[in-house]
Amino acid sequence: MLDFFVIFSKGGIVLFATVNQAISQVVNKLIKHVILEERRDEFTCDNLALKYHLDNEFDLVFVVGYQKMLTLSYVDKFLDDIQLAFRDKFTDYDLRKILKSKGNGQHLASSLGDSVSNSSSLSSPESSSLLSSLNLVDFYHEYKIIYTRCCKQQQNIPQPEMRSFQQSTKSQKTVKSMIIQSSKISIPTPVAPIVAPKVESKPESVPILAKLSPRGVRPEKPKKKEAKPIPKGKKAKEARQWELGGKSSDDLDFSKKTNGAVENTSSIAKNIASGDIGATIEECDVEPDLEFECSDEEEEEDDVEIASSTNKKSFFGSLIKSMSINKALTRADLDPILNQLRDHLISKNVAAEIATKLCDSVATKLEGQTVNTWIGLKSFVRNALEESMLRILSPNRNLNILRDIRAKSVPPYVIVFCGVNGVGKSTNLAKIANWLVVNGNKVLIVACDTFRAGAIEQLRTHVTALKTIHERDGAKKIDLYEKGYGKDSAAIAMEAINYARTSGYTVCLVDTAGRMQDNEPLMKQLAKLIKINEPDLTLFVGEALVGNEAVDQLGKFNTALLDNGCRGVTSNASAINGIVLTKFDTIDDQVGAAISMTYITGQPIVFVGVGQTYKDLKQLNAKAVVKALMK
Ligand SMILES: Nc1nc2c(ncn2[C@@H]2O[C@H](COP(=O)(O)OP(=O)(O)OP(=O)(O)O)[C@@H](O)[C@H]2O)c(=O)[nH]1
């Protein structure tokens, strides 16, 4: 049973609605969080589930709402049918007349963007009267027929009858049938040096487990390699000496022994410190020559190329060639092109799931559009895709860390860095610390990776290097807070934040241990750290090299944090508030991870790591990313 059904124009004017209650808020939320962001076609708000269809030909939106606990299999069909019926009943001309007669004069072709500003009309008193005036267009009869038909179809779907136990195959099974005859068992031949066990006599039949691991008969273990004799005159290899003193066999907690050892700066940190120190973060152009947009002349040339079917075609040229012009585009027209588009995006490292969703959103925009020329069609598809990707990459909110730090009434501003192992958390934390100090902050780096051997020393090395750069005048600008290994990271972070508060630090950067997204105990630990300390920002650090893995990593990090009680600062739906995308310098134009990561969280890419020096920190240039993806 549907709670409501509403048709409104993209200009924000309600044409038909089946309720007389305040649905404007929930419809506005749908517009803001789903339609404008082109996220998905289903949305829940309070107890309601909402689904929508866009009609690009008439610039209309069809929305149904129903109780989210219901499973209504007919909703998609209902939306399809009602959309067709509406198009059959009214022409574009009719609708223009209806809208104009309402005194609004809103043109049907107003963009969805306009509807944000205009969508206030949905919640304004004026729109309430529109809603209550219901059935601006006379469509109730058709609506009733289609709705009843769809409901009946759902009722008529035969439910499979349950089988009785006697009918099931399980009832035929006997204990005997579970014993496998020895002749039927084939044990895979071992690949490498396992010696086949000697079995003296084979029993007629043995239970499968016994057969697979015969008791008392073990394969011979491969012999240990004997140490090679050292040739005369050569020195034996020495055990590794760790940089900051001690042998590998020593206690790994060197924190007390090496405190303040400025001269021990490691080669990594020297390398990182070798660059200039930028006070501002530049925008990251993926590649300066990734020019996709062509001038009109070039477009015309392309057009001729397409028409004459020459072999030299751009990716887009060959795509568009297969599309029909001079008729309203249907999903069937678009599908082959969208499949190619999807493969192209995947080849650029966009996660498969996200590539599919992106193509769906392009299809939604294009379905029903009519174009007359190849040029028109080409720019239609290109614009739709570019628009979708830019929208994903453009942050929903303006995150200005420097401003937020200044605005915090009780410092410090706390940023937690999390992510899987080895993605560059500590290195990029150090780059961000450098940027913050250059911008006048006093930074406390908090060593909460109490797990990985060497993690604290790595941070200390960075702090030492940054001190050498920034504290030449004797003023204290950066320090490390650490309590050694094996301790509770949440408690260390809390102590550090208190210490920072009393010692005049403006920012705390909390480094956490790398962890795999499936490691539940470690994810719980991270959630505890975040829940107790309520950071201002939780940044997920991810490599730009990841493709499909990005969805899994980010999705599971976010879910684990939410499941363990963490709530995002800006949105309850995301515990992660931003992304640091590292190793961007290593990926050429395979920039798809940027799209995947922002799509999954809806959160901005705050920093991009582009190398191993302190200055290799940039901001994402969304347009450059989109160009690289379109190449
Ligand atoms: N090319 C390149 N290398 C980077 C970048 N950021 C970090 N790295 C390198 O990536 C490697 C791992 O960096 P770490 O900072 O140790 O990574 P981590 O995530 O802290 O590692 P764990 O603590 O083990 O989880 C180091 O060799 C860094 O120099 C980057 O933006 N570009």
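Residues numbered from 1 in each chain as written. Predicted model: local features only at pLDDT ≥ 70, side-chain atom pairs only at ≥ 80, totals over all residues. Heavy atoms only, no water.

For the protein chain, the name recorded in an unreviewed UniProt entry is SRP54-type proteins GTP-binding domain-containing protein, with Tetranychus urticae as its organism. Under the Sequence similarities (unreviewed entry) heading, UniProt states for the protein chain: "Belongs to the GTP-binding SRP family." Annotation of the protein chain in UniProt includes, under Subcellular location (unreviewed entry), the sentence "Endoplasmic reticulum membrane". (UniProt positions renumbered as here; feature names shortened; annotations may be inferred.)

Draft legend 1. Quick peek at the overall build of the protein chain. The secondary structure content of the protein chain amounts to 21 helices and 14 strands. The contacts of the protein chain with a sequence gap of at least 6 include a subset with a gap of at least 24, amounting to 75%. Counting every atom, the protein chain has about 33,200 Å² of accessible surface; 51% of that belongs to carbon and sulfur. (Helix = DSSP H or I, 4+ residues; strand = E, 2+ residues; numbered from the N terminus. Contact = heavy atoms within 4.5 Å. Areas by Shrake-Rupley, 256 points an atom, 1.4 Å probe, with all protein chains shown as cover.)

Draft legend 2. The arrangement of the side chain of Asn558 in detail. Among the structural elements, Asn558 can be located in helix α19 (residues 549-563). Taking relative accessible area as the criterion, Asn558 reaches 8% and is therefore assigned buried. Within the structure, Asn558 has its side chain in polar contact with the backbone nitrogen of Ile576 (distance 3.4 Å). (Buried < 20%, exposed > 50% of the residue type's maximum accessible area, 1.4 Å probe, protein only. Polar contact = N/O pair within 3.5 Å; in protein donor to acceptor, adjacent residues only side chain to side chain.)

Draft legend 3. Seen up close, the packing of helix α12 (residues 352-366) against helix α20 (residues 592-601). At a minimum axis separation of 10 Å, α12 and α20 run at an interaxial angle of 75°. When the axis of α12 is compared with that of α20, the two are roughly perpendicular. In this structure, α12 uses Ile354, Lys357 and Leu358 to contact α20, whose residues at the interface are Ile595, Ser596, Tyr599 and Ile600. Counted by class, the contact of α12 with α20 contains five nonpolar, one polar and one charged residues. (Axes fitted to C-alpha atoms, helices over the stretch in contact; angles between N-to-C directions. Parallel < 35°, antiparallel > 145°, perpendicular 65-115°, else oblique. Nonpolar A, V, L, I, M, F, W, Y, C, P; charged D, E, K, R; others polar.)

Draft legend 4. Summary view of the environment of Lys631. Relative to the helices and strands, Lys631 resides in the segment after α21 (622-630). When its relative accessible area of 43% is taken as the criterion, Lys631 is described as partly exposed. Separated by 283 residues in sequence, Lys631 and Lys348 have C-alpha atoms that sit 9.4 Å apart.

Draft legend 5. Spotlight on the state of the cysteines. In the structure shown here, the tally under the stated rule is zero disulfides. Cys566 takes part in no disulfide bond, and the closest cysteine sulfur, belonging to Cys418, lies 9.5 Å away. The exposure class assigned to Cys566 is buried, which follows from its relative accessible area of 2%. (Disulfide = S-S within 2.5 Å.)

Draft legend 6. Looking closely at the site of the ligand. In the vicinity of the ligand lie 20 residues, with Lys425, Ser426, Thr427, Asp585 and Gln612 positioned nearest. One of the backbone N or O atoms of Gly424 is found 3.0 Å from an oxygen atom in the ligand. Between the ligand and Asp585, the relevant distance is 2.8 Å, taken from a nitrogen atom to a side-chain nitrogen or oxygen of the residue. Here the ligand loses 84% of its free accessible area of 650 Å² to cover by the protein chains. Counting residues per element, the shell around the ligand draws most heavily on helix α15 (residues 425-438), at five residues. Across the shell around the ligand, the residue classes tally to two nonpolar, twelve polar and six charged. (Near = heavy atom within 4 Å.)

Draft legend 7. Quick look at the UniProt feature "domain: SRP54-type proteins GTP-binding" (unreviewed entry) in the protein chain. Here, the residues flagged by UniProt with the feature "domain: SRP54-type proteins GTP-binding" (unreviewed entry) are residues 604-617. Its end C-alpha atoms 15 Å apart, residues 604-617 is made of 0% helix and 43% strand.

Draft legend 8. Seen up close, a nonpolar patch on the surface. A cluster of nonpolar side chains, contributed by Met1, Met69 and Leu70, occupies part of the molecular surface with about 370 Å² of accessible area. Mapped onto the secondary structure, Met1 falls in the segment before β1 (2-9). Since its relative accessible area comes to 64%, Met1 is described here as exposed. (Patch = residues over 30% accessible without salt bridge, like charges linked within 9 Å, V, L, I, M, F, W, Y side chains within 5 Å. Salt bridge = Lys/Arg side-chain N within 4 Å of Asp/Glu carboxyl O.)

Draft legend 9. How the structure looks around the packing of aromatic side chains. Enumeration according to the criterion identifies 16 aromatic pairs in this entry. Both rings, one in Phe16 and one in Tyr143, keep their centres 5.8 Å apart while their planes meet at 55°; by these two values the pair is tilted. Residue Phe16 is found in strand β2 (residues 14-17), and its partner Tyr143 is found in helix α6 (residues 140-156); the two are separated by 127 residues along the sequence. On the accessibility criterion, Tyr143 (6% relative accessible area) is buried. Where Trp435 meets Phe607, the ring centres are 5.3 Å apart and the plane angle is 75°; that geometry is what we call edge-to-face. Here Trp435, found in helix α15, pairs with Phe607, found in strand β13 (residues 605-609); they are 172 residues apart in sequence, far enough to count as distant. For Trp435, a relative accessible area of 9% gives the class buried. In textbook terms, an aromatic cluster arises when at least three aromatic residues are bridged by ring pairs, as seen for Phe5, Phe16, Phe62, Tyr74, Phe78, Phe86, Phe139, Tyr140, Tyr143 and Tyr147. (Phe/Tyr/Trp six-rings, centres within 6.5 Å; stacked < 30°, edge-to-face > 60°.)

Draft legend 10. Geometry of the environment of Gly454. When you line up the elements, Gly454 lands in the loop between β8 (443-448) and α16 (455-470). A sequence separation of 31 residues divides Gly454 from Tyr485, and the C-alpha atoms of the two residues are 9.5 Å apart.

Draft legend 11. Representation of the pattern of salt bridges within the structure. The final tally for this structure, using the stated rule, is 19 salt bridges. The partner of Asp479 in a salt bridge is Lys467, with the nearest N and O atoms 3.8 Å apart. With Asp479 in strand β9 (residues 478-481) and Lys467 in helix α16, the pair connects residues that are twelve residues apart, well separated along the chain. One continuous salt-bridge network, built from bridges that share partners, spans Lys77, Asp81 and Arg149.

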